[in-house]
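# What the coordinates show
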Amino acid sequence: MTPSSPASSPAASRGLFISFEGIDGAGKSSHIQGLHDAFLAAGRHVVSTREPGGTPLAEKLRALFLQEPMDALTEALLVFAGRRDHLQQVIEPALARGDVVLCDRFTDATFAYQGAGRGFDLQVLQVLERMVQARPELGEGALRQPDLTIWFDLPTEVAAERLAGARAPDRFEAEPQQFFARVAAGYAERALAQPARFARIDSHQPKPAVWQAVRQAVAAQGWLPASKVEG
Ligand SMILES: Nc1ncnc2c1ncn2[C@@H]1O[C@H](COP(=O)(O)OP(=O)(O)O)[C@@H](O)[C@H]1O
Ligand SMILES: Cc1cn([C@H]2C[C@H](O)[C@@H](COP(=O)(O)OP(=O)(O)O)O2)c(=O)[nH]c1=O
């Protein structure tokens, strides 16, 4: 987790929760840092974090999740256990302070990877989601969800080329392209079902063009100035 404060104290702001999604190698990482810096420059307090992980406990679960063989239900239970701790310890307190939370993956990844990728029962995932993300104080049946999900969409073969040789593959990155085709279809389905929350970024472009699209998606919400070119 990387919490940062702006040089000058901003007026009280509503907390913002932005998640970043896409298949492995879609190119999320550098743009999360770019947005972190852009929000700081706009005078916001920013917490950059990730899933699986984001707390000492959830980071321990992440190491097991990424390296140890296990079935899809165990994957789902571990990732939601880490998510609960992450929400309680980091995300909810940050949002209550009015911070911007930038989260590298959240529950859409569970529906895409464990659900669409592994073929695990989506209804069971929905039950776990309701248990872990329930926020009764936001209204009856309300769940904590990102305010905006920036979805980096890239053909699986391009992502595979980008990853080849870039780093030692973990348990997911070692999966064949057919697995990532199912994960990508899972993301597309989520985006179709919740179009107001998802901003699709065409990630098959040079990095500066991807950055402009990311920045534009956030500016369109009124959360950052629109015209600034940086990154
Ligand atoms: N727009 C782009 N064009 C070409 N290569 C890219 C682009 N964006 C990222 N990469 C490269 O692709 C690889 C995966 O990017 P990364 O940001 O780690 O992806 P993710 O975090 O989504 O898994 C890295 O080697 C990165 O430098
Ligand atoms: C959050 C989450 C991640 N994952 C997978 C996706 C990634 O392959 C892996 C780790 O995510 P991440 O750290 O985002 O990997 P990368 O830097 O390669 O993008 O965990 C799931 O299978 N389910 C989940 O719920």
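Residues numbered from 1 in each chain as written. Chains lettered and ligands numbered in written order. Predicted model: local features only at pLDDT ≥ 70, side-chain atom pairs only at ≥ 80, totals over all residues. Heavy atoms only, no water.

What counts, and what does not: UniProt positions are given in the numbering used here, feature names are shortened, and annotations may be inferred rather than shown by experiment.
If you look the protein chain up in an unreviewed UniProt entry, it shows as Thymidylate kinase from Comamonas squillarum. In its Function (unreviewed entry) section, the UniProt entry covering the protein chain states "Phosphorylation of dTMP to form dTDP in both de novo and salvage pathways of dTTP synthesis." What UniProt states about the protein chain under its Sequence similarities (unreviewed entry) heading is, verbatim, "Belongs to the thymidylate kinase family."

## Remarks on the pattern of salt bridges
The test is simple: Salt bridges are defined as contacts in which a side-chain nitrogen from Lys or Arg sits within 4 Å of a carboxyl oxygen from Asp or Glu. Labels follow the DSSP assignment, with helices taken as runs of H or I lasting at least four residues and strands as runs of E lasting at least two, numbered in each case from the N terminus. Only protein chains enter the accessibility calculation, which uses a 1.4 Å probe. A residue is then buried if its area is under 20% of the maximum for its type, exposed if over 50%, and partly exposed in between.
As enumerated under the stated definition, the model contains 15 salt bridges in all. Between D147 and R14 there is a salt bridge, with its nearest N and O atoms 3.7 Å apart. Pair noted here: D147 is in the loop between α5 (122–133) and β5 (148–153) and R14 is in the loop between β1 (2–4) and β2 (16–21), with a separation of 133 residues, a long-range link. Judged by its relative accessible area of 52%, R14 falls in the exposed class. For the salt bridge of R135 with E137, the shortest nitrogen-to-oxygen distance reads 2.2 Å.

## A short note on the packing of aromatic side chains
Worth spelling out the cut-off: Note on aromatic pairs: the rings of Phe, Tyr and Trp (six-membered ring only in Trp) are paired at centre separations within 6.5 Å, and the planes decide the class, stacked below 30 degrees, edge-to-face beyond 60, tilted for the rest. For a Lys NZ or an Arg CZ to count as sitting over a ring, it must be within 6 Å of the ring centre and within 35 degrees of the ring normal.
One pass over the structure, following the stated rule, counts 8 aromatic pairs. The lysine or arginine in question, R83, covers the ring of F80, its NZ or CZ lying 4.8 Å from the ring centre. For the cation-ring pair, R190 lies above F111, with the distance from its terminal atom to the ring centre recorded as 4.0 Å.

## Observations concerning empty space enclosed by the protein
What counts, and what does not: A pocket here means an open set of points on a 1 Å grid, computed over the protein atoms alone, that has protein on both sides within 12 Å along at least five of seven lines. A cavity is instead a set of points where a 1.4 Å probe fits but cannot get out; residues with an atom within 4 Å of a point line either one. Grid points are joined across faces, edges and corners, and a volume is the space filled by probe spheres set on the points. Polar here means any residue other than Ala, Val, Leu, Ile, Met, Phe, Trp, Tyr, Cys and Pro, which are nonpolar, and Asp, Glu, Lys and Arg, which are charged; Gly is therefore polar.
Summed over the entire model, instances satisfying the criterion amount to 1 cavity of 30 Å³ or more. The computed volume of the largest cavity comes to approximately 60 Å³. If you go around the largest cavity, the residues you meet are E51, P52, G53, A58, L61, R62, F65, L78, V79, G82 and R83. Residue assignment for the lining of the largest cavity shows that the elements contributing at least two residues are α2 (56–67) and α3 (72–97). Within the lining of the largest cavity, the residues separate by chemical class into 6 nonpolar, 2 polar and 3 charged.

## Topic: the UniProt feature "domain: Thymidylate kinase-like" (unreviewed entry) in the protein chain
According to UniProt, the positions carrying the feature "domain: Thymidylate kinase-like" (unreviewed entry) are residues 20–211. Secondary structure across residues 20–211 divides into 54% helix and 12% strand, with the first and last C-alpha atoms of the span separated by 13 Å.

## Examining the layout of surface pockets
Where empty space is left can be seen by rolling a probe of water-molecule size over the atoms. Volume-wise, the largest pocket comes out at about 760 Å³. Here the lining of the largest pocket gets 4 residues from one element, more than from any other, and that element is helix α4 (residues 107–117). Here the lining of the largest pocket is composed, by residue class, of 13 nonpolar, 9 polar and 13 charged.

## What to know about the site of ligand 1
Here is the rule: Neighbouring residues are identified by heavy atoms, a residue being near a molecule or strand if any of them is within 4 Å of it. N or O atoms within 3.5 Å of each other form a polar contact, as long as, within protein, one can give a hydrogen and the other can take it, and as long as residues adjacent in sequence are counted only when both atoms are side-chain atoms. Areas reported as accessible are Shrake-Rupley estimates using a 1.4 Å probe. Residue values count occlusion only from the protein chains shown. Each molecule is assigned to a cavity or pocket provided more than half of its atoms lie within 2 Å of the corresponding grid points.
Neighbouring ligand 1 are D24, G25, A26, G27, K28, S29, R162, R167, Q205, P206 and K207. S29 has a polar side-chain atom sitting 2.6 Å from an oxygen atom of ligand 1. Between R162 and ligand 1, the recorded distance is 3.2 Å, taken from a side-chain N or O atom to a nitrogen atom. Relative to its unbound accessible surface of 560 Å², ligand 1 loses 75% to contact with the protein. Placement of ligand 1 is best described as lying within the largest pocket. A breakdown of the residues in the shell around ligand 1 according to their chemical character gives 2 nonpolar, 4 polar and 5 charged.

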